[in-house]
Amino acid sequence: MLVPLYRLRTLDTEAGKRMTVEDRTILDAISFRRSFIEQELKVDPAKLIAVEAPDDSMEPTFSAGDILLADTSDPKLRGSGVYVLTSGSALLVKRLQMKIDGGVVVSSDNATRYPSEEIGRSDTDELKIAGRVIWRGGRM
């Protein structure tokens, strides 16, 4: 079966911050065995998207160029983990951590280069989750 692949890229903004953007057009597709997706990943194959990691923001968990599969079947925060987020027409890959007070910490694993942000409880509805990352593939 084919999973649509979206490609992301990283830009430096005028303020010196880095942001990841993508035009949300399907650039390619990756082939997987249906049995692997259904039996190993235990997800509906029709609800998967593949995203290519654009940069080093999530190192050491995964590297630029790694392929990430995200489950889009239930696009909401379901506990701490790595998620694909939408911001306008852009896709972002970030780690989300739920806080006791109902807020969320949005972070990159490479925290020295990419500082985390906190979203207060009242603003969590603004967080647009496309899916939860459930698999990665990449070079060794």
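Before reading further, recall that the structure is shown in the block above.
Only a predicted model underlies this, so the values are computations on that prediction, with no experimental measurement involved. (Residues numbered from 1 in each chain as written. Predicted model: local features only at pLDDT ≥ 70, side-chain atom pairs only at ≥ 80, totals over all residues. Heavy atoms only, no water.)

A. Broad picture of the nonpolar core. Phe62, Leu68, Val82, Val84 and Val93 are the most contacted members of the largest nonpolar core, which has 14 residues in total. Mapped onto this core, the elements with two or more residues apiece are strand 5 (48-52), strand 6 (67-71), strand 7 (81-87), strand 8 (90-98) and strand 11 (128-137). Contacts of Val84, omitting those with residues within four sequence positions, involve Val51, Ala70, Leu91, Leu92, Val93, Lys128, Ile129, Ala130, Gly131 and Val133. Counting residues in each nonpolar core, the second largest holds 10 residues, with Val3, Leu5, Val43 and Leu69 among its members. (Core = buried A, V, L, I, M, F, W, Y, C linked by side-chain atoms within 4.5 Å. Buried < 20%, exposed > 50% of the residue type's maximum accessible area, 1.4 Å probe, protein only. Helix = DSSP H or I, 4+ residues; strand = E, 2+ residues; numbered from the N terminus. Contact = heavy atoms within 4.5 Å.)

B. How the structure looks around the layout of surface pockets. For the second largest pocket, the calculated volume is near 170 Å³. Around the second largest pocket sit Leu77, Met98, Gly102, Gly103, Val104, Thr124, Asp125, Leu127 and Ile129, which together line it. A per-class count over the lining of the second largest pocket returns five nonpolar, three polar and one charged. (1 Å grid on protein atoms, 1.4 Å probe; cavity = no way out; pocket = protein on both sides within 12 Å on 5 of 7 lines; lining within 4 Å. Points joined across faces, edges and corners; volume = space filled by probe spheres on them. Nonpolar A, V, L, I, M, F, W, Y, C, P; charged D, E, K, R; others polar.)

C. Expanded view of the pattern of salt bridges. Following the criterion strictly, the structure yields seven salt bridges and no others. Of the charged contacts, one joins Glu118 and Lys99 as a salt bridge, the two residues approaching to 2.6 Å between their closest N and O atoms. Taken as a pair, Glu118 in strand 10 (residues 117-119) and Lys99 in the loop between strand 8 and strand 9 (104-107) lie far apart in primary sequence, 19 residues in all. In this structure, a network of salt bridges that share partners links the residues Lys99, Asp101 and Glu118. (Salt bridge = Lys/Arg side-chain N within 4 Å of Asp/Glu carboxyl O.)

D. Just unusual backbone geometry, in detail. Glu59 connects to Pro60 through a cis peptide bond whose omega is 10°. By the secondary structure assignment, Pro60 is in the loop between strand 5 and strand 6. One non-glycine residue with positive phi stands out, namely Lys42, at about 55°. As for its placement among the helices and strands, Lys42 is situated in the loop between helix 1 (34-41) and strand 5.

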